[in-house]
Amino acid sequence: DRSILGVDTVDMWLLRDSPNCDVMRAQWAVLEEARDAGKVGSIGLVNYCEKQLSCLLETARITPAVNYYYLHVGQGPDAGGLRSFGEKRGVRTFAYGACGEAGPSASLLSSDAVQRAATAHGVAPEAVCVRWLTQNGAAVSARPT
């Protein structure tokens, strides 16, 4: 509820994944109405897989701006094909967990590739992880967990 925040509009609303296609479609329609009414600037998704994204896109009037999901350098640039699947349909990748999840991953940060890049560029391994995502075209969230 925007009134709790004390604002009339928000920049972005994200819809969390659901195991039920009809529920996702109904919830998305509400977000589309909010965007049509000028209550929100952009609407997007959280943790949608290909199947969920396909379900939603079958009836969506507005393409989700982003799909916010776990992605890091250790998974490669297109983990499971989700990134290319979404982006071919106009849904940009918004990554969380750049250094691991639910917090920095010692094995990721100490991996040979990350350590070599950090040493070569004189930066911390965490910087390598974030930079890798941005250089591959993903937006990156700096969430606390």
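Just so it is clear, the structure is predicted and the values come from calculations on it, not from any experiment. All chains use their own residue numbering, which begins from 1 and follows the written sequence. Local features are withheld for residues below a pLDDT of 70 in this predicted model, meaning they are given only at 70 or higher, and side-chain atom pairs are given and counted only at 80 or more; totals for whole chains, interfaces and linings count all residues. Think of the side-chain values as coming from all heavy atoms in the structure, minus any hydrogens and water.

1. Section: the state of the cysteines
In a disulfide, the sulfur atoms of two cysteines are covalently bonded to one another. What counts here: The definition used for a disulfide is geometric: two cysteine sulfur atoms within 2.5 Å. Per the convention used, a helix needs a DSSP run of H or I reaching at least four residues, while a strand needs a run of E reaching at least two, with both numbered from the N terminus.
Here the structure, examined in full by the defined rule, presents 1 disulfide. The disulfide partner of cysteine 21 is cysteine 55, and the S-S distance across this bridge is 1.5 Å. Between cysteine 21 and cysteine 55, the disulfide has an S-S torsion of 95° and is therefore right-handed. Note that cysteine 21 is positioned in helix 2 (residues 21–36) and cysteine 55 in helix 3 (residues 50–59), a separation of 34 residues in sequence.

2. So, the pattern of salt bridges
Selection criterion: Any Lys or Arg side-chain nitrogen found within 4 Å of a carboxyl oxygen on Asp or Glu counts as a salt bridge. Think of it in three bands: with a 1.4 Å probe and only protein chains considered, a residue is buried below 20% of the maximum accessible area for its type, exposed above 50%, and partly exposed in between.
Under the defined criterion, the tally for this structure stands at 6 salt bridges. The partner of glutamate 32 in a salt bridge is arginine 61, with the nearest N and O atoms 4.0 Å apart. With a gap of 29 residues between them, glutamate 32 in helix 2 and arginine 61 in the loop between helix 3 and strand 3 (66–70) connect regions that are remote in the sequence. Glutamate 32 gets classed as buried once you look at its relative accessible area, which sits at 5%. The exposure class of arginine 61 is exposed, given its relative accessible area of 53%. Taking the shortest distance from any N to any O, the salt bridge between aspartate 36 and arginine 61 comes out at 2.5 Å. Placement of the pair is aspartate 36 in helix 2 and arginine 61 in the loop between helix 3 and strand 3, with a sequence separation of 25 residues.

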